[in-house]
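A structural walkthrough
Each chain, written out:
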Amino acid sequence: MQKSSRIILALDVTSRSDARRVVEAVRDHVDAIKVNWPLILAAGPEIVRELSKVKDVICDMKIADIPNTNRLIVEQAMALGASAVICHGFTGDDSVKACVDAAKGQVFVVTEMSHPGGRQFTAPVADRLAALAKAAGARGIVAPATRPERIADLRRIIGDMEIISPGVGAQGGRASDAIRAGADYIIVGRAIYESPDPKSAAEKLAAEVKDSLR
Ligand code: 3DU
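The following refers to the structure shown. (Residues numbered from 1 in each chain as written. Predicted model: local features only at pLDDT ≥ 70, side-chain atom pairs only at ≥ 80, totals over all residues. Heavy atoms only, no water.)

**Thoughts on helix α7 (residues 148-158)**
Buried within α7 we find Pro148, Arg150, Ile151, Leu154 and Ile158. When α7 is viewed along its axis, its buried side chains cluster within an angular range of 140° and face the same direction. Buried residues belonging to α7 abut α6 (126-136), β6 (140-142), β7 (162-166) and α8 (175-181). Gly159 sits one or two positions beyond α7 and adopts a positive phi of about 70°. (Buried < 20%, exposed > 50% of the residue type's maximum accessible area, 1.4 Å probe, protein only. Helix = DSSP H or I, 4+ residues; strand = E, 2+ residues; numbered from the N terminus. Arc of directions from axis to C-beta. Contact = heavy atoms within 4.5 Å.)

**Digging into the site of the ligand**
As a structural note, the neighbourhood of the ligand is formed by 15 residues, with Asp12, Lys34, Gln171, Gly189 and Arg190 the closest of them. For the ligand, an oxygen atom lies 2.6 Å from a polar atom in the side chain of Asp12. Within the complex, 90% of the 470 Å² of free accessible area of the ligand lies under protein. Counting atoms within 2 Å of the grid points, the majority share of the ligand lands in the largest pocket. Those elements that place two or more of their residues in the shell around the ligand are β2 (32-36) and β8 (185-188). Looking at the shell around the ligand, its residues break down into seven nonpolar, four polar and four charged. (Near = heavy atom within 4 Å. Polar contact = N/O pair within 3.5 Å; in protein donor to acceptor, adjacent residues only side chain to side chain. Areas by Shrake-Rupley, 256 points an atom, 1.4 Å probe, with all protein chains shown as cover. 1 Å grid on protein atoms, 1.4 Å probe; cavity = no way out; pocket = protein on both sides within 12 Å on 5 of 7 lines; lining within 4 Å. Sits in = over half its atoms within 2 Å of the grid points. Nonpolar A, V, L, I, M, F, W, Y, C, P; charged D, E, K, R; others polar.)

**Examining the state of the cysteines**
The tally for this structure, following the rule as stated, stands at zero disulfides. Not part of a disulfide, Cys87 finds its nearest cysteine sulfur in Cys99, a span of 4.1 Å. Under the relative-accessibility criterion, Cys87 is labelled buried at 0%. For Cys99, a relative accessible area of 0% translates into the label buried. (Disulfide = S-S within 2.5 Å.)

**Details of the pairing of β2**
When you tally the buried positions in β2, you get five out of five residues, the bulk of the element. In this sheet, β2 lies alongside strand β1 (residues 7-10) in parallel orientation, the contact comprising three bridges. Opposite Leu9, over in β2, you have Ile33 as the bridge partner. Crossover β1 to β2 through helix α1 (residues 16-26) is right-handed. One ladder, built from five bridges, connects β2 with strand β3 (residues 56-63); its direction is parallel. Bridge pairing in β3 places Lys34 opposite Ile58. (Pairing = 2+ DSSP bridges. Right-handed = clockwise from strand over helix to strand, strands pointing away.)

**A closer look at the pairing of β3**
Most of β3 is tucked away, with six of its eight residues classed as buried. Pairing of β3 with strand β4 (residues 84-88) involves three bridges; the strand directions are parallel. Its bridge partner being in β4, Ile58 is matched across the sheet by Ala84. Assessed by its sense of winding, the connection that carries the chain from β3 through helix α4 (residues 67-79) to β4 is right-handed.

Okay, here's the thing in structure tokens:
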């Protein structure tokens, strides 16, 4: 996955034509595309294969099942051309390990979620989820841009693993805060795909990221 603008586009649109439109506008300004259930259900799983010809695709199905089912899901996602998948960690180390094995390490594990409800159940166990991700051999974790101080805490647990960080823009987090706190990439959806000008929205975020790395 390239590490240039450090933006991962969360492509939560619900038609293939919207997906194509947004990707064409921002493809030079994002490093990867994250695909979640809204687009997979609307456009069909083949959208993963199509987009993977343009950019690295992260399949964010928040996989959360027993090890065998997790393995089957990850194998299907990778066969469609995904470069990485996102799974939950609360299912335990055997379930996460099944994802890691099936994706040859290309797994990001959700820790503390970025929305207000993320404080309720995920925040109290986020440190353990991050440690689990590390022990399982995952590539990285998902940590909240809405609480940059937590990105810094979780960084201390995982060392040099990658942090991808949702919550910028529509959820109130700032790109610069997340990057300064130690995120490798920000994940941005609505602030780009709902913008009347997705290209300039992505360019502005990329400039903010660049500034915060100085
Ligand atoms: O709020 P946005 O529109 O920028 O989208 C954020 C994306 O990141 C969206 O796909 C959501 O499912 C995902 N995500 C979170 O927002 C928060 C998390 O803790 C994990 C994933």
